[in-house]
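In case you want the letters, here they are:
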Amino acid sequence: MICGSFSNMAARSQQLAAALLSLLGGVLCFPLGQDTERTPTCGYESCHATKPNMLNVHLVPHTHDDVGWLKTVDQYYYGDRNDIQHAGVQYILDSVVDQLLKNPDRRFIYVETAFFYRWWKQQSSSMQQTVKQLVNQGRLEFVNGGWCMSDEATTHYSAVIDQMTMGLRFLNETFGPCGRPRVAWHIDPFGHAREHASMFAQMGYDGFFFGRLDYQDRARRMMDREQELLWRASDSLTPPMADLFTGILPNGYNPPEGFCWDQSCDDPPIRDDPDLEDYNVHDVVKRFLIIANSQANVYKTNHIIMTMGSDFQYENANLWYKNLDKLIHYVNGQQANGSKVNVLYSTPSCYLQELHRANLTWALKTDDFFPYADDAHDFWTGYFTSRPALKRYERISNSNLQTCNQLEILGGPVSRKGPFGDGNSQTMQKAMAVAQHHDAVSGTEKQHVANDYARRLANGWQRCQVLVSNSLSALSGSSAKRIYCDNLNISVCPLTESSKKFSVNVYNPLARPVTWPVRLPVNGTSYVVSDAEGKSVDCQVVPVSTSTRDVRRNRGFAVNELMFQVQAPPLGFTTYSVSLLQDGPPPASTQHRTPTAIQNKFLRVTFDPDTGLLSSLSNLETKQTIKLTQNFYWYNASDGNNEKSNQPSGAYIFRPNSSTPFIISKTAKTESIQTPVVQEVRQWFAPWVSQVVRLYGDSRALELEWTIGPLPIDDDLGKEVITRLDTSIKTSEYFYTDSNGREMLQRKKDFRPTWNLVQSEPIAGNYYPINSRAFIKDDVDQLTVVTDRSQGGGSLQNGSLEIMLHRRLLYDDVRGVGEPLNESSSVFPEGLVVRGRLQLSLDRPPSAADAHRPLAQQEVLQPLLTFTDGDLHPNTRLQFSGLQAALPPAVHLLTLTQWDKDSVLLRLEHQFQSQESKVNSQPVTVNLQKLFSTLEVLGASELNLSANQWKDDMTRFHWTPETDAKPLLKAFPDASVWEVTLRPMEIRTFLLRVSFR
């Protein structure tokens, strides 16, 4: 063993994986490694030699294995349902390992750890040793290394970090330093987010390669030889902290035409017996040299890369390797005749190393790669909204998982084994990790696969519920059974509907106190609610809306809703008691007319009495008012029979038949409820579109709760439903969207920052992903819309913001999924009904972030409600906080999860961009030893973002941009080992050795 003190880890970099497993007693201990007889030659040291005066062609054997798409994850792994698609990942890995052993020159890269993890567990110890040897010699190399290859438009940054951490941790613990990927590899996602590049840079990757970008962007970059560039992925983090070298692959991720030798391909093999009539070596070499030299003309160095593989290829790896061996042999044989082309087996990291050695300057990019179009009328902007129910369920599941992770630590070991059984968070972690795949939360999978993703999330949550119940039992001292009501959004909870007395436990996963509205389905007409201190809480009973009764479909029978506001402590819970009053006042009555206005002490909202629609929004604190109208529309989805193009709308592609959407109704039928607790205007636009405009008593945001579906298709027209907010704000064609829930990016209609756009789709070509918020502004007013899931949207008119809420399509868009996006369910066989909400805030632009940053985090990490029937035991602890004090407003506790027996993983995040807030865009210092109330922090060491390298040991290639106005990163040392300073948009990751108080 090698041991070092916790504060002095000079030798730690070589054995991080083992070190993370051995944090004991204030001393860091780890085994020497997998192979003590010789030093591994993996990574950059394992690369084949290249020739400086030649064109070096790096052949990269690879397979792209979707973690679900046309088949489920299980079906892909086992090779089941080959009637849908012939694919079996276990056979790919079997075959590749066998073929790598036959020739030490051969190379292979693997990406999706979710599949490799499964395969690895099924191997014998001797086979595992063999694979470790291949990894240690650099013959089998992992790239990317996350549990999956995540989508970049519809994923939230917190879930991406989690799934990357899970995959990279497995590789680290299994293979040590040789298992650590040097390159990020996103060859299939449909557009690329700036925040992903920022995260990859902070995870320690030296470079990033992808396959898809807009066809106009590619044409310009090919002409200017800028298909390799330096991506500056943050406006807040000082370069090169978020700088990432980025390469665009030449053929997506497929081989050059005519050179695919998989069993799924039809290209002829290399026939090299000169005695045979069909000898083709000369033809193969000639064609290859033409392709290589042509490719070299659009790249910058004397090195080019070719991806030799594709979807689920190498199931019979012998076909590929036998022909690649021959290709290398015969092409290189021409060097004796004066050829200047050198072909070699390679990996993305070896190719990257040669680009780095070239010591050139590279074009600088500061925006992102959205939206993506592969032809003039083929914009991949529909999937920003596809499968909106799954997108919402994934977001809720992320919130539940973070709560589960936190309570596993706060409740101690009893959380995993306690009065309610054995619970765990791992099932949920894996389900969430799989859900980040670029054909999962994206909504671009077949229906039965979408069902499988949802089933996995549901199963994971069931295991987490046991853990949460155990933890809350330990923290509260009550072993009473806890009830979970997962259908509160449609007013279904059997306990609250039937009980005369119950308690509500409210757990807050945020590191600051929150005020949160609670709406519970009840059948009584009057209740008394008291908080943890026994004080009475204002509450109100209101009738359940007609739209809610319609969507429940006999799943609940409450006629009323009990509404009150709860206040929960940071990283903790509080408890409210609810009792039915026999002779209390009747519920609030509904008024069948449109009110002139609803307002509280912060906001005033007016309505047009003739139309029933919103007419203005005022912030009473800042004394600002904007005109605001809002309505619902639908675009007629193209069926492909169009004079310009035969491209239909589908799961991926948004292609409306017209630039003018159809209005669903110019007026809304309304009823209203006005009480001190809540004011509602309920609007009905059509039998399949309704909305509640809701303003709580002490809220600074206006809630729009929409219910849409089933979308009618009896007219044989596919429909893409939007809501549009039209305001008096002078936007000058600019608007702003978030990148994966973090930094905001400026957008402009019919414009791309890096090339002169020829706009061919005026609607779809102006849609961008909205992960958590979007806003429009001028010098005086900013209207921010916070969403509850990922959606697509744009600003197509001055002062306007539209967001797509639901899609139902009748044709496939011919991008591989092979079925229309036409969702239904057992509850809604006639078509899916979706409910969601938007939250609107109006502020002055300089202070708007102070409102929308915490509002968006509160939407992502919502309080978890659990219920207990009857009276609580008198000794029950009714209130608890896991923190000694709330964190400052600028600081977000991003991750708190168990790492091993005595250590936890902590991520703290500065959630403001630089210069977006006068108050909060400043450095903030946090003392790690003074964070937790139940944990004593004994040791701390900082890691990179993905927790697979010590931060001090993380070194990356340095790249020089062609233009660079910003200074290079300066060191900002912390005041002490315990006091850590966060700067705008900085995430810091720590491994804490703890003991439980």
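Fair warning: this is a prediction, and the values are worked out from it, not measured in the lab.

**Quick notes on the overall build of the chain**
In step 1: If you tally the helices and strands in the chain, you get 17 helices and 51 strands.
In step 2: The globule rule puts the C-alpha radius of gyration for 997 residues at 30 Å, and the 29 Å found for the chain is close to it.
In step 3: If you line up the chain on its principal axes, its C-alpha atoms span 100 × 75 × 55 Å.
In step 4: The buried share among the 997 residues of the chain stands at 66%.
In step 5: Nonlocal contacts in the chain, meaning residues at least 24 apart in sequence, comprise 76% of its contacts between residues at least 6 apart.

**Let's talk about the state of the cysteines**
In step 1: In total, this model carries five disulfides according to the counting rule given.
In step 2: Here cysteine 260 connects covalently by a disulfide to cysteine 265, the sulfurs 1.9 Å from one another. Here cysteine 260 and cysteine 265 have matching classes, each one buried.
In step 3: When the cysteines engaged in disulfides are numbered in sequence order, the chain pairs them as 1-3, 2-6, 4-5, 7-8, 9-10.
In step 4: The structure places no disulfide on cysteine 148, whose sulfur is separated from the nearest cysteine sulfur, that of cysteine 464, by 18 Å.

**A closer look at the UniProt feature "domain: Glycoside hydrolase family 38 central" (unreviewed entry) in the chain**
In step 1: The UniProt record marks residues 378-457 with the feature "domain: Glycoside hydrolase family 38 central" (unreviewed entry), using the residue numbering of this structure.
In step 2: Along residues 378-457 the backbone is 55% helical and 8% strand, and the end-to-end C-alpha distance reaches 32 Å.

**Focus: the side chain of asparagine 172**
In step 1: Structurally, asparagine 172 is set in helix α6 (residues 157-175).
In step 2: Within the local environment of asparagine 172, its side chain forms a polar contact with the backbone oxygen of asparagine 948, the two atoms lying 3.0 Å apart.

**Focus on the pattern of salt bridges**
In step 1: Counted by the stated rule, this structure contains 55 salt bridges.
In step 2: The partner of arginine 220 in a salt bridge is aspartate 224, with the nearest N and O atoms 3.1 Å apart. A residue pair is termed a helical-turn pair when its members lie 3 or 4 positions apart in one helix, as arginine 220 and aspartate 224 do in helix α8 (residues 215-224) at four residues.
In step 3: The exposure class assigned to aspartate 224 is partly exposed, which follows from its relative accessible area of 41%.
In step 4: Several salt bridges converge on common partners, so that one network encompasses Arg519, Glu561, Glu671, Glu680, Arg682, Arg694, Glu703, Glu705, Arg837 and Glu859.

**Quick look at the pairing of strand β42 (residues 834-843)**
In step 1: Among the 10 residues that make up β42, 10 are buried, leaving the element largely enclosed by the rest of the structure.
In step 2: Of the two faces of β42, the one lined by Val834, Gly836, Leu838, Leu840 and Leu842 and the one lined by Arg835, Arg837, Gln839, Ser841 and Asp843 are each fully buried.
In step 3: Where strand β33 (residues 702-708) meets β42, seven bridges bridge the pair, whose relative direction is antiparallel. In the sheet register, glutamate 703 faces β42, and the bridge partner there is glutamine 839.
In step 4: Sheet topology note: the strand β39 (residues 782-787)/β42 ladder contains six bridges and is antiparallel. Each residue of the ladder has a partner; that of valine 785, found in β42, is leucine 840.

**Some points on the domain arrangement of the chain**
In step 1: You can read the domains of the chain as domain 1 (56-380), domain 2 (388-585 + 861-869), domain 3 (597-855) and domain 4 (881-996).
In step 2: A separation of 30 Å is found between the C-alpha centroids of domain 2 and domain 4.
In step 3: Tallying the contact residues gives 18 residues for domain 2 and 16 residues for domain 4.
In step 4: Summed over both sides, the interface of domain 2 with domain 4 buries roughly 1,400 Å², with 67% coming from carbon and sulfur.
In step 5: Per-residue buried area on domain 2 facing domain 4 is highest for Ile409, Ala511 and Leu571; these three make up 42% of the total on that side.
In step 6: Applying the counting rule to domain 2 against domain 4 returns zero salt bridges.
In step 7: Linking domain 2 with domain 4 are three residue pairs in polar contact (both at pLDDT 80 or more).

**Digging into the sheet that holds strand β12 (residues 341-345)**
Working definition: the strands of a sheet are paired by backbone hydrogen bonds and lie parallel or antiparallel to each other.
In step 1: Ordered in space as β11-β4-β12, the three strands form an open sheet in which the pairing is parallel. In the strand order of this sheet, the two ends are held by β11 (303-308) and β12, each with one partner. Taking the axes of each pair of neighbouring strands and ignoring which way they run, one obtains an average angle of 25° across the sheet.
In step 2: As defined by bridge partners, strand β4 (residues 55-61) adjoins β11 across six bridges and the pair is classed as parallel. Bridge pairing in β11 places valine 57 opposite isoleucine 304.
In step 3: The strands touched by helix α9 (residues 281-296) within the sheet are β4, β11 and β12, with β11 carrying the most contacts at an inclination of about 125°.

**Describing the environment of leucine 832**
In step 1: Tracing the backbone shows leucine 832 in the loop between β41 (800-808) and β42.
In step 2: Sequence-wise, leucine 832 and proline 687 are 145 residues apart; in three dimensions their C-alpha atoms are separated by 14 Å.
In step 3: Ignoring sequence-local partners within four residues, the contact set of leucine 832 consists of Ala389, Ile708, Gly709, Pro710, His806, Glu823 and Ser824.

**Concerning the side chain of glutamine 335**
In step 1: Looking at where glutamine 335 falls in the secondary structure, it is placed in the loop between α10 (317-333) and β12.
In step 2: Here glutamine 335 falls in the buried class, since its relative accessible area comes to 17%.
In step 3: Contacts of glutamine 335, omitting those with residues within four sequence positions, involve Lys51, Met54, Val341 and Asn342.

**Some details on the packing of aromatic side chains**
In step 1: According to the stated counting rule, one finds 49 aromatic pairs in the structure shown.
In step 2: Taken together, a centroid distance of 5.0 Å and an interplanar angle of 85° make the contact between phenylalanine 245 and tryptophan 362 edge-to-face. In this pair, phenylalanine 245 sits in strand β10 (residues 243-248) while tryptophan 362 sits in strand β13 (residues 361-365), placing the two residues 117 residues apart along the sequence. For the pair phenylalanine 245 and tryptophan 362, one class covers both residues: buried.

**Some points on the packing of helix α3 (residues 89-100) against α10**
Helix-helix packing is described using two parameters, namely the angle between the two axes and the distance between the axes.
In step 1: At a minimum axis distance of 9 Å, the contact between α3 and α10 shows a crossing angle of 35°. The chirality of how α3 crosses α10 is right-handed. Residues Ser95, Val96, Gln99 and Leu100 of α3 touch α10, and the partners they reach there are Ala317, Asn318 and Tyr321.

**Some thoughts on helix α14 (residues 447-476)**
In step 1: Taking 1.5 Å of rise per residue, the 30 residues of α14 would be expected to cover 44 Å, and the 42 Å separating its terminal C-alpha atoms lies within 8% of that figure.
In step 2: Glycine 477 lies just past α14 and shows a positive phi near 80°.

Conventions we followed
Residues numbered from 1 in each chain as written. Predicted model: local features only at pLDDT ≥ 70, side-chain atom pairs only at ≥ 80, totals over all residues. Heavy atoms only, no water. Helix = DSSP H or I, 4+ residues; strand = E, 2+ residues; numbered from the N terminus. Rg over C-alpha atoms; globule rule 2.2 N^0.38 Å. Buried < 20%, exposed > 50% of the residue type's maximum accessible area, 1.4 Å probe, protein only. Contact = heavy atoms within 4.5 Å. Disulfide = S-S within 2.5 Å. UniProt positions renumbered as here; feature names shortened; annotations may be inferred. Polar contact = N/O pair within 3.5 Å; in protein donor to acceptor, adjacent residues only side chain to side chain. Salt bridge = Lys/Arg side-chain N within 4 Å of Asp/Glu carboxyl O. Pairing = 2+ DSSP bridges. Domains from an automatic or database assignment. Buried area = accessible area lost by both parts, 1.4 Å probe. Axes fitted to C-alpha atoms, helices over the stretch in contact; angles between N-to-C directions. Phe/Tyr/Trp six-rings, centres within 6.5 Å; stacked < 30°, edge-to-face > 60°. Left-handed = near helix turned anticlockwise from the far one by under 90°. Expected span 1.5 Å × (residues − 1).

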